[in-house]
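Here are the chains, one letter per residue:
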Amino acid sequence: MYRLVCVHCDAAYAPDQIIYTCERCGHLLAVCYDIDTLTIERDVWNRRPLSVWRYRELLPVRGEPVTLQEGGTPLYHLKRLGEEMGLAELYAKHEGMNPTGSFKDRGMTVGVSMALELGKTSVACASTGNTSASLAAYAAKGGIPAVVLLPAGKVAVGKVAQALMHGGRVISVRGNFDRALEMVHELCISHGLYLLNSVNPFRLEGQKTIGFEVIDQLHGVVPDRMVLPVGNAGNISAVHKGLQELIALGFIDRLPMMTGIQAAGSAPVVNAIEQNLPELIPEANPETVATAIRIGAPVNAEKALTAIRQTGGIAASVTDDEILMMQRDLARKEGIGVEPASAASVAGVRKLVESGIIDRDERIVCVVTGHLLKDPETVVKQCEPPIEIDADLQSLLSALHLHS
Ligand SMILES: *Cc1c(COP(=O)(O)O)cnc(C)c1O
Ligand SMILES: [Zn+2]
């Protein structure tokens, strides 16, 4: 039904092989379906609830999945912000509305299900936070232990709280995310834990359903552009892969311009696109308030560069100030609460519209990736503290500048 195929040299591997990189060239693997042998009917999909598992024929899991009912997230029309930018068709897919508050759940429902199907009894990941929160929850649901490695002091408190409460073995590494990922990769190879970072081809299969849901929510219309924040570049690659499969199935006839947004202090993909480099040059010391995309050596860069280039998309960076301003704007003008990394996608649109790169008649879908409550500390720092008053009506009226 499917094989694992190297994204670089096309070497193919059996689906039940526990393997994360190509034995021949060391590059990543992707799940490759024999589309002609699949029978998929749109009507059947449409009768199922909007969720990751609506699309199960295009997912690798064969048995009952480990699920917490992920996906089916809202697609909001950003009416007010769109008007301000002169965009009539600006949308946000709110992935913060997943079970643990980020799109990582789409990947983990598939990844942990596959871990069990492959007979694995423990799972592990390195994480800027959301991956660990999600893995801990799905490992709990699946009844197996999870080890998660976090870069010390650089993870938002809500995410650590989740990983701990769901029973993950949480290890704080005195090093950055990129180093933690190298370490956990070695641990998994040497000790047989199942690795669920975005090097894992099955995880990305779940994440590609973001694109499927967007098409369904727009009643079959392909947006002109999809905009995603880019950290390890797995998500933008996954969405691109999924939409290519819909083309192969004849369900859609074109791809959106895949557009990746990074934080200015952590922008190796943007540099590679701007300078037209064949390969990415890692950023040794990535820095940004948007900790979920504070990644200097994105492992999925090769696929992301292809996705952006082949679809006529673009990559752009935004400053921390622009990110935080958009986080506030989304919260106050649209009622949408997201964490900083998520606001990067919409902040990128604002910048690209102002610089004339985005046309005002485009239909644009931004993926906002994680929930506001993930990172309460960054929120509290930006906002005026509550006004504390004595417990009488007069004090209340004067605090609100009202006459008695
Ligand atoms: C993981 C994550 C990202 C980055 O996604 P990649 O697949 O690593 O590019 C962006 N935003 C949030 C909230 C995330 O959790
Ligand atoms: Zn290869």
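It should be emphasised that the depicted structure is a prediction, and the values quoted were computed from it without experimental measurement.

**Topic: the UniProt feature "modified residue: N6-(pyridoxal phosphate)lysine" (unreviewed entry) in the chain**
UniProt feature "modified residue: N6-(pyridoxal phosphate)lysine" (unreviewed entry): in the numbering of this structure it lies at K104. When you line up the elements, K104 lands in helix 3 (residues 104-117). Other than its neighbours up to four places away in sequence, K104 contacts N130, T131, S134, R203 and Q207.

**Quick word on the coordination of the zinc ion (ligand 2)**
The coordination sphere of the zinc ion (ligand 2), as far as protein atoms go, consists of C6 (SG), C9 (SG), C22 (SG) and C25 (SG), spread over 2.3 to 2.4 Å. Coordination at the zinc ion (ligand 2) is tetrahedral, judged from the four donor atoms that bind it and the angles of 97 to 119 degrees they form at the metal. Counting gaps between the donor residues of the zinc ion (ligand 2) yields the pattern C-x2-C-x12-C-x2-C. Taken together, the positions of C6 in strand 1 (residues 2-6) and C25 in the loop between strand 2 (12-13) and strand 3 (29-33) put the pair 19 residues apart, joining distant regions of the chain. The class of C6 is buried, set by a relative accessible area of 1%.

**Side note on the site of ligand 1**
In the vicinity of ligand 1 lie 15 residues, with K104, N130, G231, N232 and T369 positioned nearest. Taking N130, its side chain carries an N or O atom lying 2.7 Å from an oxygen atom of ligand 1. N235 places a main-chain nitrogen or oxygen 2.8 Å from an oxygen atom of ligand 1. In the complex, 97% of the free accessible area of ligand 1, which totals 380 Å², lies under the protein chains. Classifying every residue of the shell around ligand 1 gives six nonpolar, seven polar and two charged.

**Let's talk about the pairing of strand 6 (residues 123-126)**
Of the two faces of strand 6, the one holding V123 and C125 and the one holding A124 and A126 are both buried throughout. Bridge count for strand 6 against strand 7 (residues 146-151) is four bridges, and the pairing is parallel. From the neighbouring strand, V123 faces strand 7, where its bridge partner is A146. Taking the sense of rotation as the criterion, the β-α-β connection linking strand 6, helix 4 (residues 130-142) and strand 7 turns out right-handed. Examined bridge by bridge, strand 6 and strand 9 (residues 194-195) share two bridges and lie parallel to one another. Note that in strand 9 the partner of V123 across the bridge is Y194.

**Quick word on the environment of V123**
Tracing the backbone through its elements, the reader meets V123 in strand 6. Through-space distance from the C-alpha of V123 to that of P49 is 29 Å; in sequence the pair is 74 residues apart. Dropping the residues within four chain positions of it, V123 is found in contact with A115, L135, A139, I144, P145, A146, V147, L193, Y194 and L196.

**Description of helix 8 (residues 209-217)**
Among the nine residues in helix 8, eight count as buried, and that is most of the element. Looking one or two residues beyond helix 8, the residue adopting positive phi is H219, at roughly 55 degrees.

**Overview of the side chain of S345**
Here S345 lies in helix 13 (residues 340-354). The exposure class assigned to S345 is buried, which follows from its relative accessible area of 0%. Sequence-distant contacts of S345, that is, excluding residues within four places in its chain, are made with V227, L228, P229, I261, C366, V367 and V368.

Procedures and definitions
- Residues numbered from 1 in each chain as written.
- Chains lettered and ligands numbered in written order.
- Predicted model: local features only at pLDDT ≥ 70, side-chain atom pairs only at ≥ 80, totals over all residues.
- Heavy atoms only, no water.
- UniProt positions renumbered as here; feature names shortened; annotations may be inferred.
- Helix = DSSP H or I, 4+ residues; strand = E, 2+ residues; numbered from the N terminus.
- Contact = heavy atoms within 4.5 Å.
- Donors = N, O, S within 2.8 Å, 3.2 Å for Na, K, Ca; no water.
- Tetrahedral: all angles 85-135°; square planar, octahedral: opposite > 155°, others 65-115°.
- Buried < 20%, exposed > 50% of the residue type's maximum accessible area, 1.4 Å probe, protein only.
- Near = heavy atom within 4 Å.
- Polar contact = N/O pair within 3.5 Å; in protein donor to acceptor, adjacent residues only side chain to side chain.
- Areas by Shrake-Rupley, 256 points an atom, 1.4 Å probe, with all protein chains shown as cover.
- Nonpolar A, V, L, I, M, F, W, Y, C, P; charged D, E, K, R; others polar.
- Pairing = 2+ DSSP bridges.
- Right-handed = clockwise from strand over helix to strand, strands pointing away.

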